[in-house]
Amino acid sequence: MSVEALYQLYLEHPSVQTDTRRLKPGDIFFALKGDNFNGNTFAAKAIEAGAVHAVIDEEAFAIPGKTTLVTDVLETLQQLALHHRRQFNTPFLAITGSNGKTTTKELIHAVLSTRYKTYTTEGNLNNHIGIPLTLLKIKQDAEIAVVEMGANHRGEIASYCRIAEPTHGLITNCGKAHLEGFGGIEGVRKGKGELFDYLRTRTHGYAFVMWDYDYLHDMSKGISGVIKYGTTGDVHVAGTAVRSEPFLEVHIARGMQPSNIRTQLVGDYNLPNVLAAVTVGKTFDVTEQEIIRGIEQYTPSNSRSQLVQSGTNQVILDAYNANPSSMRLAIENLARQHGDKILILGAMAELGSESLQEHQGIIDLISQHQWKAVVLVGGDFLQLKHPFTSLRNAAEAREWLQQLAPQQSLLLVKGSRSMQMEKVIA
């Protein structure tokens, strides 16, 4: 079956699933393979559960009239997503970066949704499987789409651009994330920069650029449309943080009528994310009142800079992920707050040969400030000497916290996804 023929089936049954546990009657099942599973073996189960069709790449699992045999299921899923994307003549905004891309995506979605039928990446569907699934969830009523792109090595963003064909792009920043896969900070910039490289090839490509970051100046050169935002300088939208305790308040001084936006975000490190959302909103003619309403009504979730009330304590739960750049920003933000402050930090992953050095850098930063208590959990924190409490995992940190039983304190709980630091306050 050709991609075009498969697309006709998709139009009749526009719901795709790769996991039989989530499958609904009427879905098309794509039998993907992984390191520890073979989706082909679930094809019959998918059909029994109500899938109208299964796409497989091993003939032994064929079911006459119910399966389509292809060379590679993942490649077919991606080709189908590309074919679907090409049916739209609407803006497609791709977002990548080391830190803040999900928050930025959610803020932009909140702003655009006040005026347009907007589709966006759900959860963490931002990889080679998630992006085609995201595209295939976009319906014919779409007026704009916002697609998040994650990556941990070179070539990934370029491959995602070939599937999503974005018209607009935004790189939040290039920090010390996934250093092991990218091979250092220059590798990060080249990897994330593949989005701007793609936009540079388009006759009408547009890049939203945080102009405070000098490296993004060079990375965005040659793109036909560069839309700048920042805190100062010759930019389309300018703003500053005027308050960050407990939530960030942003003053917009340029690009719209001077006004303050009272967010539900923790930390002034979210300022660039807010400015990005304002800039995108202005570019797509969202009214200033709608921009403010969209941002102010957005509440973070999924352990991303959430402010959680726990008894008399406030907990900044930022346990979805961590890298040296985001860890430093979170620590510095907490250090600026008033009252008793407690750090419970999990180790950072995928830092390669620089891991010990980066963890030592975090220890050095912590040592510059006063804290009620500091707990460092797991990974390379265990390999280094420091004066703070050292624990092996989140379960131990939870027990430690219960024994400490702090009152009227402000806690930061942060760490890489593998550390599952949200269990500390579960």
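Above this text is the structure in question.
Everything numeric here is computed off the predicted structure, so don't read it as measured data.

The rules behind the values
Residues numbered from 1 in each chain as written. Predicted model: local features only at pLDDT ≥ 70, side-chain atom pairs only at ≥ 80, totals over all residues. Heavy atoms only, no water. Helix = DSSP H or I, 4+ residues; strand = E, 2+ residues; numbered from the N terminus. Rg over C-alpha atoms; globule rule 2.2 N^0.38 Å. Buried < 20%, exposed > 50% of the residue type's maximum accessible area, 1.4 Å probe, protein only. Contact = heavy atoms within 4.5 Å. Areas by Shrake-Rupley, 256 points an atom, 1.4 Å probe, with all protein chains shown as cover. Lys, Arg positive; Asp, Glu negative; His and termini not counted. Charge placed at Lys NZ, Arg CZ, Asp CG, Glu CD. Pairing = 2+ DSSP bridges. Right-handed = clockwise from strand over helix to strand, strands pointing away. Expected span 1.5 Å × (residues − 1). Polar contact = N/O pair within 3.5 Å; in protein donor to acceptor, adjacent residues only side chain to side chain. Axes fitted to C-alpha atoms, helices over the stretch in contact; angles between N-to-C directions. Nonpolar A, V, L, I, M, F, W, Y, C, P; charged D, E, K, R; others polar.

A. Quick look at the overall build of the protein. Across its full length, the protein carries 15 helices and 19 strands. At 23 Å, the protein has a C-alpha radius of gyration in line with the 22 Å of a compact globule built from 426 residues. Dimensions of the protein, computed from C-alpha atoms along their principal axes, come out at roughly 70 × 50 × 40 Å. Here the protein, with 426 residues, has 55% of them falling under the buried criterion. Once local pairs closer than 6 in sequence are excluded, the contacts in the protein between residues at least 24 apart make up 61%. For the protein, the exposed surface amounts to about 18,300 Å²; the carbon and sulfur share of it is 47%. On the protein, the mean spot of the 40 positive side-chain charges and the mean spot of the 44 negative ones are 3 Å from each other.

B. Local environment of the pairing of strand β16 (residues 340-346). Counting buried positions over the seven residues of β16 gives six, a clear majority of the element. Relative to strand β19 (residues 409-414), β16 runs parallel, the two being bridged by six bridges. Paired with K341 across the bridge in β19 is L410. By the bridge criterion, five bridges tie β16 to strand β17 (residues 373-377) in an arrangement that is parallel. Within β17, the position partnered with L345 by the bridge is L376. In the classification by handedness, the crossover that spans β16, the intervening helix α14 (residues 355-366) and the parallel β17 is right-handed.

C. Here's a closer look at the sheet that holds strand β4 (residues 67-69). Spatial strand order, β1-β2-β3-β4: four strands in an open sheet with parallel pairing. The open sheet has two edge strands with one neighbour each: β1 (16-17) and β4. Here two bridges tie β1 to strand β2 (residues 28-30), and the two strands are oriented parallel to one another. Considered in β2, the bridge of V16 is made with I28.

D. Layout of helix α3 (residues 73-85). Taking 1.5 Å as the rise per residue, α3 with 13 residues should run 18 Å; its terminal C-alpha atoms sit 18 Å apart, in good agreement. Taken together, the buried positions of α3 are V73, T76, L77, L80, A81, L82, H84 and R85. Where α3 starts, the residue carrying a side-chain oxygen 3.0 Å from the main-chain nitrogen of L74 turns out to be D72.

E. Structural detail: the environment of H53. Mapped onto the secondary structure, H53 falls in strand β3 (residues 53-56). On the basis of relative accessibility, which here comes to 7%, the residue H53 falls in the buried class. Every residue in contact with H53, bar those within four places of it in the chain, is listed here: M1, L9, D27, I28, F29, I47, G65, K66, T67 and T68. Of note is the side chain of H53, whose polar atom sits 3.3 Å from the backbone oxygen of K66.

F. Spatial organisation of the packing of helix α8 (residues 185-192) against helix α9 (residues 194-201). Across the interface, α8 lies against α9 with an axial gap of 4 Å and an inter-helix angle of 35°. Two secondary-structure elements touch here, α8 through K190, G191 and K192 and α9 through E194, L195 and F196. A breakdown of the residues in the contact of α8 with α9 according to their chemical character gives two nonpolar, one polar and three charged.

G. View of the side chain of D57. Mapped onto the elements, D57 comes out in the loop between β3 and β4. Reaching out from D57, the side chain makes a polar contact with the side chain of N40 at a distance of 2.8 Å. Once you skip the residues sitting within four places of it in the chain, D57 turns out to touch K33, N40, L69, V70, T71, D72 and V73.

H. Structural view of unusual backbone geometry. Looking along the chain, the bond that leaves E245 and enters P246 is cis, with omega of 0°. Among the secondary structure elements, P246 is positioned in the loop between β11 (237-243) and β12 (249-254). With a phi close to 45°, E165 is a non-glycine residue in the positive phi region. Note on placement: E165 falls in the loop between α6 (156-164) and β8 (168-171). One non-glycine residue with positive phi stands out, namely Q420, at about 50°. Structurally, the position occupied by Q420 is in the segment after β19.

I. Quick peek at α9. E194, L195, F196, Y198 and L199 are the residues of α9 that are buried. Looking at the buried residues of α9, the elements they touch are β5 (92-96), α6, β8, α8, β9 (206-210) and α10 (214-219).

J. Local environment of the sheet that holds β16. Strand order in the open sheet formed by six strands is β14-β15-β19-β16-β17-β18, and the pairing between neighbours is mixed. What marks the edges here is a single partner per strand, and that holds for β14 (306-310) and β18 (389-391). Neighbour to neighbour, the strand axes of the sheet diverge by 20° on average, direction disregarded. Here strand β15 (residues 313-318) pairs with β19 via five bridges, running parallel. Bridge assignment links V315 to a residue of β19, and that residue is L411. Sheet contacts for helix α13 (residues 324-335): β15, β16 and β19; angle to β16, the most-contacted strand, approximately 170°.

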